[in-house]
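Examination of the molecular architecture
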Amino acid sequence: MNALQFSIIVPVYKRNDELTEFLDSLTRQTDQNFEVLILEAPSDDDATKLCQSYQDRLRIVHKIDDSSRSARRNLGIEMANGNYCLLFDSDVILPPHYIATVRKALTEHYVDCFGGPDSADESFTDMQKAVNYAMTSIMTTGGIRGGTKKLDKFLPRAFNTGFSKEVYQKIGGYREMIGEDTDLSMRIKEGGFKVRLIPEAVVVHKRRITLKKFYRQVYTFGKARILLTKLHPGSLKIMHLFPTAFALGTTLLVLLALLWHWWCITPLLLFALMTFTESLIRNGSLKVAGLSILTSFAQLLGYGFGLLDELFTRRASHTAAEKLYRQ
C-alpha cells in the first residue's frame, strides 16, 4: 500500500452557510495532510469568495460546473491529486480527529472503500434531532441505512465515505440515477474490493430539513430500492420490505378505525408510544420525542409508499435506464 494521500470532494449548490461550517471543521483537523475540492453548480450566490477566504488555511480548489451532483463528484475524483478520495455532503461537520482517525484505521487495516456513521449534535434544532432519531433508530430503519459492521450488509453512503482511486479506475464513478451512492457501493463490492465500516469515523450531519422535505427524501429512497434491485439482483432483503408492510398496515388500520371502531388503531398508538419513549431516553426532550413520532411515521410511510410507487409505475427505473444507456 502506498502512503495515503487524501483528497476531500464535496458537491455543493447554494449552501454557503453549510459550506462555511464544513470548511471551518477542516481547518480544525489535527491531521492537515489533505486537499479539498469543492464542485459547485452555477448559481447567483456561488462560493467563489468563500473558498478564496480559506486559501491561506487549506489546500482548496473551487470549480463551478454545470452538471449533475453525480457528475460533479466524478469530476472531483478525476481532478484529485490524492490516491484516496473522501466524499462528503456539504451539510456535515467533521470532528477534529476525523482525518487522523481514518488515516490510522486505513494504515492498520487497509480497505479499498470505507464508510462512517453520522450523529446528532447539541446545537441541532428539535426537528433535526427528531429526523436524526428516525434515520438511526432500529424502531424505524431496521438497518436500512447500513449501519452494521457485517461485510455482507454494510453499504457506505456518500455523506461520509471514501475509496481509492483504483476503485474509481476499475469500477467507475457515480451513475445518473436515484440511489446512486448505494449503487456505487454495491458495484464496488461486486468488483471484489473490500468494504468496511469505520465506527470511529463519525460526522455530525446537520440536515436542514422540514417534515415535508424529509418525507420526500425517504420516498425517493423507497423508489430507489426497486431500481437497485433491478440493477443488482439479490440485493433486496426482508428488512427493505418492512416499511412497505408498515405503510399498508397503517392504511388498513386507519380505514378500519374510520369504518368500524377507533380501537383498530391501537397498534399505531403503541408504536407511537414506544417511539416517544425511546426518543425521550435518547434525547431527553419531550418536544423532540413528540416530533420523533412524526418523523418516524414519515420515515416508514415515505419509504414504503415510495417503494410501492416504483414497483407499479417504474417511472424512475425507465428514466435511469435511458440515462445509463447513454453513459
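Each chain has its residues counted from 1, running along the sequence as written. Residue-level local features of this predicted model are given only where pLDDT is at least 70; pairs of side-chain atoms are given and counted only at 80 or more, and the full residue set underlies all totals for whole chains, interfaces and linings. Excluded from the side-chain calculations are hydrogens and water; all other atoms, namely the structure's heavy atoms, are used.

1. Some details on the packing of helix α5 (residues 126-136) against helix α10 (residues 266-283)
Worth spelling out the cut-off: Angles run from 0 to 180 degrees between N-to-C directions of axes, and those axes are lines fitted to C-alpha atoms, restricted for helices to the stretch in contact. Only runs of H or I of at least four residues qualify as helices and only runs of E of at least two qualify as strands under DSSP, and these elements are numbered from the N terminus. Angles are sorted into four bins: roughly parallel if under 35 degrees, roughly antiparallel if over 145, roughly perpendicular if 65 to 115, and oblique for all others. Two helices that cross are described as forming a left-handed crossing if the nearer one is turned anticlockwise from the farther one by less than a right angle, and a right-handed crossing if clockwise. Any two residues whose heavy atoms approach within 4.5 Å are treated as being in contact. Amino acids are sorted into nonpolar (Ala, Val, Leu, Ile, Met, Phe, Trp, Tyr, Cys and Pro), charged (Asp, Glu, Lys and Arg) and polar (every other residue, Gly among them).
The N-to-C vectors of α5 and α10 enclose an angle of 115°; their axes lie 11 Å apart at closest approach. By the angle class used here, α5 and α10 are roughly perpendicular. Viewed along their axes, α5 and α10 form a crossing whose handedness is right-handed. Residues Lys-129, Asn-132, Tyr-133 and Thr-136 of α5 pack against Thr-275, Glu-278, Ser-279, Arg-282 and Asn-283 of α10. Of the residues belonging to the contact of α5 with α10, the class tally is one nonpolar, five polar and three charged.

2. Here's the deal with the confidence of the model for the protein
Rule in force here: Per-residue confidence from the predictor is reported as pLDDT, which spans 0 to 100.
Looking at the protein as a whole, the pLDDT averages 89, with 92% of positions reaching at least 70. Across residues 143-152, confidence stays below pLDDT 50; counting only partners more than four residues off in sequence or on other chains, it has 24 contacts. A low-confidence stretch, residues 320-327 (pLDDT under 50), is modelled with eight contacts involving residues beyond four sequence positions or located in other chains.

3. Side note on the packing of α5 against helix α11 (residues 286-313)
With their axes 8 Å apart at the nearest point, α5 and α11 run at an angle of 50° to one another. In terms of their interaxial angle, α5 and α11 are classed as oblique. Taken as a pair, α5 and α11 cross one another with a handedness that is right-handed. Touching Asp-126, Met-127, Lys-129, Ala-130, Val-131, Tyr-133, Ala-134 and Met-135 of α5 are Lys-287, Val-288, Leu-291, Ser-292, Thr-295, Ser-296 and Gln-299, all from α11.

4. With respect to the sheet that holds strand β6 (residues 113-115)
For clarity, the threshold we go by: Two strands are counted as paired when DSSP detects at least two bridges linking them.
Strand order in the open sheet made by the seven strands is β3-β2-β1-β4-β8-β6-β9, with mixed pairing throughout. The open sheet has two edge strands with one neighbour each: β3 (60-64) and β9 (195-197). Strand-to-strand twist of the sheet, defined as the mean angle between neighbouring strand axes without regard to direction, takes the value 20°. Note that strand β2 (residues 34-40) and β3 share five bridges and pair parallel. Across the sheet, Leu-37 pairs through a bridge with Val-61, a residue of β3. Helix-sheet contacts for helix α4 (residues 98-108) involve β1 (6-12), β2, β4 (84-88), β6, β8 (160-164) and β9, and the interaxial angle to β1 is about 130°.

5. What about unusual backbone geometry?
Unlike most non-glycine residues, Lys-14 shows phi in positive territory, near 50°. Along the chain, Lys-14 falls in the loop between β1 and α1 (16-27).

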